[in-house]
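# Structural overview
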Amino acid sequence: MFVPKTQNPALAALLIFAATAFIAGTTLLAKALGTGVLGPALHPMQISHGRFLFAFLAIGTAVATMRPRLSRPHWGLHAGRTTFGWAGVTLMFASVAYIPMADATAISFLNPVFAMVLAIPLLGERVGPWRWGAAGIALSGALILLRPTPESFQPAALLALTAAAVMGMELIFIKKLSGHEAPIQILLVNNAMGLAIATVAVLTVWQAPTPGQWAALAGIGVLMACAQACFVNGMARADASFVAPFSYATLIFAALYDFAGFGVVPDAISMTGAAIILGGALLLAWREARVAQ
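Below is a summary of the structure that appears in this document. Every chain is numbered on its own, with residues counted from 1 as its sequence reads. Per-residue local features of the predicted model are confined to residues with pLDDT of at least 70, and side-chain atom pairs are confined, for both listing and counting, to 80 or more; whole-chain, interface and lining totals are unaffected and use all residues. As a rule here, side-chain values come from all non-hydrogen atoms in the structure, and water together with hydrogens is ignored.

This part is about the overall build of the protein. For the purposes of this entry, the term helix denotes a DSSP run of H or I that reaches at least four residues, the term strand denotes a run of E that reaches at least two, and both are numbered from the N terminus. Check the secondary structure of the protein and you find twelve helices and zero strands. Put simply, the protein runs from its N terminus to its C terminus through helices and strands in the order α-α-α-α-α-α-α-α-α-α-α-α. Against the compact-globule benchmark of 19 Å for 293 residues, the protein has a radius of gyration of 18 Å, which places it among compact chains. When the backbone C-alpha atoms are referred to their principal axes, the protein occupies close to 55 × 50 × 35 Å. Burial status across the protein gives 45% buried among its 293 residues. Note on contacts: a residue pair is in contact if any heavy atoms of the two residues lie within 4.5 Å. Within the protein, contacts between residues at least 6 apart in sequence are counted, and of these 89% link residues at least 24 apart. Charge counting follows a simple rule: Lys and Arg are positive, Asp and Glu are negative, and His as well as the terminal groups are ignored. The atom standing in for a charge is NZ when the residue is Lys, CZ when it is Arg, CG when it is Asp and CD when it is Glu. Put simply, the protein has 15 plus and 9 minus side-chain charges, and the middle of one group is 14 Å from the middle of the other. Within these notes, the globule rule equals 2.2 Å times the number of residues to the 0.38 power, and the radius of gyration is based on C-alpha atoms. Note on exposure labels: buried denotes an accessible area under 20% of the residue type's maximum, exposed denotes more than 50%, and partly exposed covers the range between, all computed with a 1.4 Å probe on protein chains only.

Moving on to the pattern of salt bridges. By salt bridge we mean one thing: a side-chain nitrogen of Lys or Arg within 4 Å of a carboxyl oxygen of Asp or Glu. Taken as a whole and assessed by the stated rule, the structure comprises five salt bridges. In this structure, Arg147 and Asp103 form a salt bridge, with 3.1 Å as the shortest nitrogen-oxygen distance. A residue pair is termed long-range when its members are at least 10 positions apart, and Arg147 in the loop between helix H6 (129-146) and helix H7 (157-177) and Asp103 in helix H4 (residues 101-108) qualify at 44 residues. Among the residues examined, Arg147 registers a relative accessible area of 9% and is labelled buried. Arg147 serves as the salt-bridge partner of Asp267, at 2.8 Å between the closest nitrogen and oxygen. Here Arg147 lies in the loop between H6 and H7 and Asp267 lies in the loop between helix H11 (249-262) and helix H12 (268-292), a separation of 120 residues in the sequence. Residue Asp267 is classed as partly exposed on the basis of its relative accessible area of 36%. Residues joined by salt bridges that share partners form a network here, namely Asp103, Arg147 and Asp267.

The next point concerns unusual backbone geometry. Here the phi dihedral of Arg67 falls at roughly 50 degrees; this positive angle occurs in a residue that is not glycine. With respect to the helices and strands, Arg67 occurs in the loop between helix H2 (44-66) and helix H3 (75-95).

Before going further, it helps to spend a moment on the nonpolar core. As used here, the term nonpolar core means buried Ala, Val, Leu, Ile, Met, Phe, Trp, Tyr and Cys residues forming a set that is joined through side-chain atoms within 4.5 Å. Within the largest apolar cluster, 46 residues are counted, with the highest numbers of intra-cluster contacts made by Leu33, Ile47, Leu110 and Ile277. It is H6 that provides the largest number of residues to this core, a total of six residues. For Ile47, the contacting residues outside a window of four places in its chain are Ala30, Leu33, Gly34, Leu42, Phe93, Leu217 and Ile220. Counting residues in each nonpolar core, the second largest holds eight residues, with Ile59, Ile184, Leu188 and Ala225 among its members.

Another point: H11. Helix span, as expected, comes to 1.5 Å for every residue beyond the first. Under the 1.5 Å per step criterion, the end-to-end length of H11 is 20 Å for 14 residues, consistent within 8% with the ideal 20 Å. Of the positions making up H11, those classed as buried are Ala249, Thr250, Leu251, Phe253, Ala254 and Asp258. Looking at the residues trailing H11, positive phi occurs at Gly263, about 70 degrees.

Here is the structure:
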């Protein structure tokens, strides 16, 4: 596990597709917890605490069973990655309590755009006109989803936009970590440190969950651990340029889950904004693949 013998594009696509279904599932459960469907609404920081708690238990169990060889972690990079990751997840969980899951998911796809912009000062990377054009297209889609008119403006969409920016910063730290540590070690350290941060943060807002809420919190953690495992394995079995488009299936699952669970039907504005963001993100992924070649 986590160390594939050969490249397998078909299996890679299937794994990434499965990861998107799991990720959308965590968002659905977070929305149920944040809107009071399963009992008194939980604070987003308590939801993210449950996500890290049960994900750590799942990944820790896998490590204890498999006993992989671990190296000395780069604690500074892990701390940065985990802090921004925790903040991004918490903001994302907060946003879905107020806006459609499809909108929040579409806005979250801006994180590679923010990572591209942040890579200029932090990694010294150069960005050409194609990348700037893709970023502009994606950001225009986000502006549509914000619905910037007095009658329809969605302030909560700013939570998802901030989450995308924060997770873009997380991608900078992931890029620095990649290639230096085993993926399963990165997952273990990330969830352990995330649990520590989330535990301190949740003390100010803690309330006793109902049995149904405990089950949903456990579901978020387990689904996220499954998503991470599928994503890491999928990325290891094919080129990033091949698997990247499959990750956008999260938007499809988010819309389906939101309809099934809450009866939310994406309107024309949501579909237009999401399509534009996807277009910009796919153009950016295509350009990154060309540059890599």
